[in-house]
Amino acid sequence: SPFGRIQQFANRLYAPVFIAGLNYWALDLGNYWGHNAIIRTEPFMQFCDLPQLPGRKPFGGQILSHDFVEAALLSRENWEVWFAYDLEGSYEEAPQTMIENARRDRRWCQGNLQHGLVLFAKGLRGVSRLHLALGIGGYLTGPLWLVFLLVFNWICWFHLHTGLSNIPVHAFTPYLNLSATAHALLVFVICMAVIMLPKLLALVDLAYDWPRRRAYGGLAHAAVGVIGETIFSTLHAPLQMLWHTRFVITNLLGGSVGWAPSKRDAATTTWLFALQRHWGHTLIGLVWGAFMWRLGPTLFWWFTPVLAGMVLSIPLSVLTSRRHLGTRLRKLGLFLTPDETAPPPELVALRARMKVHEITGDTVFAASTAFGEAGPRRPHAGLAEAVLDPYVNAIHVSLLREKRLNPTYADQLSKLGAGSEQTGALGEKLLAGGPDKLTPAERMAVMADQRVMVWLHQQAWLRPDEKLAPWWKAMIREFSQRET
């Protein structure tokens, strides 16, 4: 979608300069995002067991944003944490619509605000505390920006309706001898420099790298992409401000969200769905715009970038979610990335394995098996491996046992049905009829029960064939051949 392409382009073009600079300042006390540090190294397993935060949700309980905390725990134990800022071959699909991106931001907001409890943990390095504070501040900037705008509006309204003059105060830059208007312009110029300078530096860096420049479709196409991304970001920023303000207030009032997976496919946002999600943004923009016009046309035009994003939120959300518009942008050479124009070996190998099969009208993607073999993967193959493979079954059961010792996880497992008498009967039904005889919730209940999983492993290998469903016989035969 256009939204996905813009996000992909911005991350790919701006991130190298940004992260290289961050690495320069952080050195061996760095931070990281995502799952890139989880490589099953001994220090990670030894020191990065995340604590359960005290108190109730949204601030207490399980830590949602794990990466900042894990980096801090490694640094606390005197391990070096470096940015692999020049690392290639790592990918993540981003949300393809503004609404889905905001939904993911909602979870990240709660996770980052939780770090307020971690901030004062014993033994953390000062730089680690700074990383955590900056992560929290990233979601407080929205409410602070909104408060700044509202206070400015109130001051303008107060002066207009009372007729009082400004109270003279000492300038914060007395050596420049600037007027109040000039001070405001100076602050604006500083803000614009902070926002635009990283983008200009990224273009300069691209201009001196011919292979990369060509991979982005040329410097001219990249420059047009930066301009387009800046325009979109200008319209999107006020919506982020309103969303983040609502997220922070909701968290402070005790609201909490889970950590469900994000939708990564280019599912078009319908006009009705956009209206349901953005009507408040549009109304705020219209009312605020009318108020600013009454304060003065000059102030109104200065506020136009903020108001336009709110008023145009519905069509902006719909149009940036359309897949065919994203395809058209790619044909025009806009928002291209090197991973499209010159795919690396990782993506080439992935696409070679992603063979499309048409089965009963549905598109099914055949991924490689857990053992690296290319070919179609049977439905419920993961369940079969968890039952049949001794190694996978042992790990699965040991993790379930560990979770049973944790009150939070134990409660979650109980809600799934683990440990009840009905789960044993479901296990028997699974063996006799196959996975399709159980609902998804019933299969989840079986896999959440450690005793039933041990019993299933034993019964699947020891039970006579006539007492097993044909699906199990086929899976056992396939597993045996693969092991041989």
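Please refer to the structure higher up on the page.
Enquirer: In this structure, what is going on with the side chain of Asn-153? I would like to understand it.
Expert: The residue Asn-153 is located in helix H5 (residues 126–162) in this model. In this view, Asn-153 contacts Trp-288, Phe-291, Met-292, Leu-295 and Phe-303; residues no more than four positions away in its chain are not counted.

Enquirer: Explain H5 here, please?
Expert: Helical geometry note: an α-helix holds 3.6 residues per turn, so side chains three or four residues apart project in the same direction. In H5, a bend of some 40° at Leu-140 exceeds every other bend along the element, and Pro-143, a proline, comes one to four places later. The complete set of buried residues in H5 reads Ser-128, His-131, Leu-132, Gly-135, Ile-136, Tyr-139, Gly-142, Pro-143, Leu-146, Leu-149, Asn-153 and Cys-156. Tucked inside the fold, the buried residues of H5 contact helix H1 (2–26), helix H3 (67–76), helix H4 (98–118), helix H8 (219–252), helix H9 (271–295) and helix H10 (297–311). In the segment just after H5, Gly-163 is the residue with positive phi, at about 75°.

Enquirer: What is the right way to look at the packing of aromatic side chains in this model?
Expert: Ring pairs (aromatic) are described by centroid distance and by the angle formed between their planes. Applying the stated criterion to the full structure yields 13 aromatic pairs. Ring geometry for Phe-152 versus Phe-303: centroids 6.1 Å apart, planes at 10°, classification stacked. Of this pair, Phe-152 sits in helix H5 while Phe-303 sits in helix H10, and the two are 151 residues apart along the sequence. By relative accessible area, Phe-152 is classed as partly exposed at 32%. Using a relative accessible area of 6% as the deciding quantity, one classes Phe-303 as buried. On the basis of an interplanar angle of 85° and a centroid distance of 5.2 Å, the ring pair of Trp-293 and Phe-300 is categorised as edge-to-face. The partly exposed category is assigned to Trp-293, whose relative accessible area is 45%. Three or more aromatic residues joined by ring pairs make a cluster, and in this case those are Phe-9, Tyr-216 and Phe-335.

Enquirer: Explain unusual backbone geometry here, please?
Expert: Peptide bonds are trans in most cases, and residues, glycine excluded, mostly fall at negative phi. A positive phi angle, close to 70°, is found at Asn-78, a residue other than glycine. For Asn-78, a relative accessible area of 61% puts it in the exposed group. A positive phi is found at Phe-335, a non-glycine position, where the angle reads about 60°.

Parameters at a glance
Residues numbered from 1 in each chain as written. Predicted model: local features only at pLDDT ≥ 70, side-chain atom pairs only at ≥ 80, totals over all residues. Heavy atoms only, no water. Helix = DSSP H or I, 4+ residues; strand = E, 2+ residues; numbered from the N terminus. Contact = heavy atoms within 4.5 Å. Bend = angle between axes of the 7 residues up to and from the residue. Buried < 20%, exposed > 50% of the residue type's maximum accessible area, 1.4 Å probe, protein only. Phe/Tyr/Trp six-rings, centres within 6.5 Å; stacked < 30°, edge-to-face > 60°.

These figures come from the coordinates and say nothing about function on their own.
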